[in-house]
Amino acid sequence: MKKPAPFRVLLLASALAGASVTLAAPVFAHHGWSWAESEETTLQATITAISLAPPHPELTVTDEAGREWTVELGNPGRTERAGFTEGTAKPGDAVTILGNRALDGTPLMKAVRIMLNGTDYDFYPERIDG
């Protein structure tokens, strides 16, 4: 069996490494808090859709001006520990969201707390100011 030339092995390894970084970039870009403003903002909205699926449960909401937002909650375990589970909310529910908006101005927010029907659901209580 013929062994590959060292140059081809190096070229193939470089190509695979580059591809893995390129494909992983969107995943890393959306995790953590680096993509979000440091200041917390409050958003009054109405829920239009709910997904509790991994990697991050999220709500689709419409604000008072009719703009649609994606609101990322905590990971599934954190969301469940906050008490926000299947059946907690439904489309049409009014919600107040405390969280951090996307730096790039897109209608995307990472929720720290959601207030719904008189109950606070704290996904990141350690991040709540005051």
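Look a little higher up for the structure.
Figured I'd write up the structure that's included with this text. These figures come from a predicted structure and were not determined experimentally.

Rules used throughout
- Residues numbered from 1 in each chain as written.
- Predicted model: local features only at pLDDT ≥ 70, side-chain atom pairs only at ≥ 80, totals over all residues.
- Heavy atoms only, no water.
- Salt bridge = Lys/Arg side-chain N within 4 Å of Asp/Glu carboxyl O.
- Helix = DSSP H or I, 4+ residues; strand = E, 2+ residues; numbered from the N terminus.
- Buried < 20%, exposed > 50% of the residue type's maximum accessible area, 1.4 Å probe, protein only.
- Phe/Tyr/Trp six-rings, centres within 6.5 Å; stacked < 30°, edge-to-face > 60°.

1. Thoughts on the pattern of salt bridges
Pairing between side chains of opposite charge can happen when their charged atoms approach one another.
In step 1: Enumeration according to the criterion identifies six salt bridges in this entry.
In step 2: Here glutamate 126 makes a salt bridge to arginine 78, at a shortest N to O gap of 3.3 Å. Residue glutamate 126 is located in the segment after strand 6 (119-122), and its partner arginine 78 is located in helix 2 (residues 76-81); the two are separated by 48 residues in the primary sequence.
In step 3: Look at arginine 78 and you get partly exposed, because its relative accessible area is 23%.
In step 4: Via salt bridges that share partners, Arg113, Asp120 and Asp122 belong to a single interconnected network.

2. Regarding the packing of aromatic side chains
In step 1: Inspection of the entire model under this criterion finds three aromatic pairs.
In step 2: A ring pair is formed by tryptophan 33 and tyrosine 124, whose centres lie 5.0 Å apart and whose planes are at 80°; its orientation type is edge-to-face. Placement of tryptophan 33 in the loop between helix 1 (6-30) and strand 1 (41-51) and of tyrosine 124 in the segment after strand 6 is noted, with a sequence separation of 91 residues between them.
In step 3: With a centroid separation of 5.5 Å and 90° between ring planes, the pair formed by phenylalanine 84 and tyrosine 121 is classed as edge-to-face. In this pair, phenylalanine 84 is assigned in the loop between helix 2 and strand 4 (94-101) and tyrosine 121 in strand 6, connecting sequence segments 37 residues apart.
In step 4: Under the relative-accessibility criterion, tyrosine 121 is labelled buried at 11%.
In step 5: Three or more aromatic residues link up through ring pairs in this structure, and these residues are Phe84, Tyr121 and Phe123.

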